[in-house]
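# Architecture and fold: a report
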Amino acid sequence: MPDSTITIPADLRRDLAIESVRSTIVDVPTVRRHKLSQTSVTAQSYVIVELRLANGAVGIGEAATLGGPRWSEESVEAMKANIDTYLAPALIGLAADRFEAAGARMDAAAKRNNAAKAAIETALFDAVGKTLGIPAALLLGGMVRDSVPVLWTLASGDPDQEIEEAERKLAARLHDTFKVKIGAQAPEADLARLRRLAAALEGRARLIVDANQAWDETTAARCLPQLAELGIALVEQPVPAWNIGAMARLRARPGTPPLLADECVFDAHDMLAVAQAAAADAVSLKLVKHGGLLGLKKVAAVAEAAGIGLYGGCLLESSIGAAAHLQVFSTFRELAWGCEHFGPQILVDDLVEEPLRFADFQVHLPSRPGIGVTLDQARLRRYARP
Ligand SMILES: O=C(O)C[C@H]1C=CC(=O)O1
Ligand SMILES: [Mn+2]
């Protein structure tokens, strides 16, 4: 287990009042083009939150997007505006360890805005953790594990490049599960691409796919058995987020591989609806969807109650957002599907002094207090929007 006995001077503990919140938009280039069904990115945009307490501690948090407001409704521009105008003013003066009260204030100040709220709540846990000298995980139930299996996503759309990329990851013992992004081209073209990947990696890697809502029910009914025949272990969000009924009907058909709910589950109410409809085998947990670490735990609790497996989702976060996810993922008794926080490795640069460590097919929890990583101010300035 990581060392959690770091001590900091008593005077730093004194005043947890939230004094200021600063938000900065950054754009960090990626090492290659990342293609999803609905968008394609060559840079990742985040809002970085720095939240200062009266005791001097500064907590950090990150809100990720994917292709502007295309993956979900929040863009970095909207998040910054809503943080500065509505969310931050609602919190000034509140004691930072009153996490639920902070959530209630933010919900009263702005509807949804889940990624923006998550970045602020992350910064609260980071600031309090730093103040107390403990990892945020200790405030969330305590660690069950100090590393998490991590997959890599293949999303260039070019199977030759993707096989070569997967081979490099396997050889370096970084990743042996690969998520393939599909839905940007016709289903038959994706199936041909997957056939090539499955043949090239057979017996050496596990494949899952993410259609990002690209298929209608008829297309999904036709293609899902073919994915099962190829040995695809999990199929993420094959149909539009609103179509829980289709997910349930597809899941009940013989020959359908396990289904992973992503865009159809934002809050715990969504999770309950998916569970009641028996519409998924697993759920992808993400701070940007669930509004924070506590919201993520609530969604996970509903899933656990329904026997739905937990999958540690991402939105290509840097080491800041990834570290926050790891703090909460580390507290789950079961994390059946591991996680996909490869984000720090797809960026040309990170935003922290010491990036997360990837080794032996796992991403390792940092052992410092709070979320465990330190914002690199020089890098923040380098990638900040003018
Ligand atoms: O899962 C998503 O929909 C979003 C994201 C996560 C990894 C990736 O490549 O895209
Ligand atoms: Mn997804």
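Here the structure is a predicted model, which is why all the values come from computation and not from measurement.

## Some points on the overall build of the protein chain
- When you go through the protein chain residue by residue, the secondary structure sums to 14 helices and 13 strands.
- For 386 residues, the compact-globule estimate of 2.2 N^0.38 gives 21 Å, and the protein chain sits close to it at 20 Å.
- Across its three principal directions, the C-alpha atoms of the protein chain cover 60 × 40 × 40 Å.
- For the protein chain, the residues scored as buried account for 51% of the 386 residues in total.
- Contacts spanning at least 24 positions in sequence make up 75% of the contacts within the protein chain whose residues lie at least 6 apart.

## Section: the sheet that holds strand 3 (residues 58-64)
- Reading across the sheet, the three strands line up as 1-2-3 and stay open at both edges, with antiparallel pairing between neighbours. The two strands at the open ends of the sheet, each matched to only one other strand, are strand 1 (18-35) and strand 3. Neighbour-to-neighbour, the strand axes of the sheet open up by a mean angle of 20°, direction not taken into account.
- Where strand 2 (residues 40-53) and strand 3 come together, seven bridges link them in antiparallel fashion. When the bridges of strand 3 are listed, valine 49 appears paired with glycine 61.
- Helix 2 (residues 76-91) rests against strand 1, strand 2 and strand 3 of the sheet, and its axis sits at about 160° to strand 1.
- Each of strand 1, strand 2 and strand 3 is contacted by helix 4 (residues 114-132), which is oriented at about 155° to strand 3, the strand it contacts most.

## As for helix 4
- Between its terminal C-alpha atoms helix 4 stretches 27 Å, which fits the 27 Å expected from 19 residues at 1.5 Å a residue.
- Taken across its 19 residues, helix 4 has 19 buried, putting it largely inside the fold.
- Just downstream of helix 4, glycine 133 is the residue with a positive phi angle, here 75°.

## A short note on the UniProt feature "active site" (unreviewed entry) in the protein chain
- The positions that UniProt labels "active site" (unreviewed entry) are, in the present scheme, Lys181 and Glu340. These annotated residues cover 160 residues of sequence, but their C-alpha atoms sit close together, with the largest distance between any two at 12.8 Å.
- Assignment of secondary structure puts lysine 181 in strand 6 (residues 177-181).
- C-beta crowding within 10 Å serves as the criterion here: with 23 such atoms nearby, lysine 181 is assigned to the buried category.
- Apart from the residues within four sequence positions on either side, lysine 181 is in contact with Lys35, Leu36, Thr153, Ala155 and Asp210.
- Mapped onto the fold, glutamate 340 is located in the loop between helix 12 (319-329) and helix 13 (343-346).
- Glutamate 340 gets classed as buried once you count the C-beta atoms within 10 Å, which come to 29.

## So, the pairing of strand 7 (residues 206-210)
- Counting buried residues along strand 7, four of its five residues qualify, which places the element largely inside the surrounding structure.
- When strand 6 meets strand 7, the two strands line up parallel, connected through five bridges. Within strand 7, the residue paired with lysine 181 across the bridge is aspartate 210.
- With respect to chirality, the unit in which strand 6 leads through helix 6 (residues 187-201) into the neighbouring parallel strand 7 is right-handed.

## Brief notes about the domain arrangement of the protein chain
- Partitioning the protein chain into domains gives domain 1 (10-135) and domain 2 (139-376).
- Once you take the C-alpha centre of each, domain 1 and domain 2 turn out to be 22 Å apart.
- Listed by partner, the interface residues are 43 residues for domain 1 and 38 residues for domain 2.
- Broken down by element, the side of domain 1 that touches domain 2 gets its largest block of residues, 12 residues, from helix 4.
- Looking at side-chain class alone, the side of domain 1 that touches domain 2 contains 20 nonpolar, 13 polar and 10 charged residues.

## Considering the packing of helix 11 (residues 293-305) against helix 12
- Running from N to C, helix 11 and helix 12 cross one another at 45°; their axes reach a closest spacing of 10 Å. Classified by the angle their axes make, helix 11 and helix 12 are oblique. As for the relative orientation of helix 11 and helix 12, their crossing is right-handed in sense. Here Leu293, Leu296 and Lys297 of helix 11 lie close against helix 12, whose contacting residues are Ala324, Gln327 and Val328.
- For the contact of helix 11 with helix 12, the class distribution of residues is four nonpolar, one polar and one charged.

## Re the sheet that holds strand 12 (residues 357-359)
- Read from one edge to the other, the open sheet built from three strands follows the order 4-13-12, with strand pairing classed as antiparallel. Strand pairing shows two members of the sheet lacking a second neighbour, strand 4 (147-149) and strand 12, which therefore form its edges. Each neighbouring strand pair of the sheet contributes to a mean axis angle of 25°, computed without reference to strand direction.
- Strand direction decides the pairing type here: strand 12 and strand 13 (residues 362-364), joined by three bridges, are antiparallel. When the sheet's bridge partners are listed, arginine 357 is paired in strand 13 with histidine 364.

Criteria and cut-off values
- Residues numbered from 1 in each chain as written.
- Chains lettered and ligands numbered in written order.
- Predicted model: local features only at pLDDT ≥ 70, side-chain atom pairs only at ≥ 80, totals over all residues.
- Helix = DSSP H or I, 4+ residues; strand = E, 2+ residues; numbered from the N terminus.
- Rg over C-alpha atoms; globule rule 2.2 N^0.38 Å.
- Buried ≥ 20, exposed ≤ 12 C-beta atoms within 10 Å, placed from the backbone.
- Contact = placed C-beta atoms within 7 Å.
- Pairing = 2+ DSSP bridges.
- Axes fitted to C-alpha atoms, helices over the stretch in contact; angles between N-to-C directions.
- Expected span 1.5 Å × (residues − 1).
- UniProt positions renumbered as here; feature names shortened; annotations may be inferred.
- Right-handed = clockwise from strand over helix to strand, strands pointing away.
- Domains from an automatic or database assignment.
- Nonpolar A, V, L, I, M, F, W, Y, C, P; charged D, E, K, R; others polar.
- Parallel < 35°, antiparallel > 145°, perpendicular 65-115°, else oblique.
- Left-handed = near helix turned anticlockwise from the far one by under 90°.

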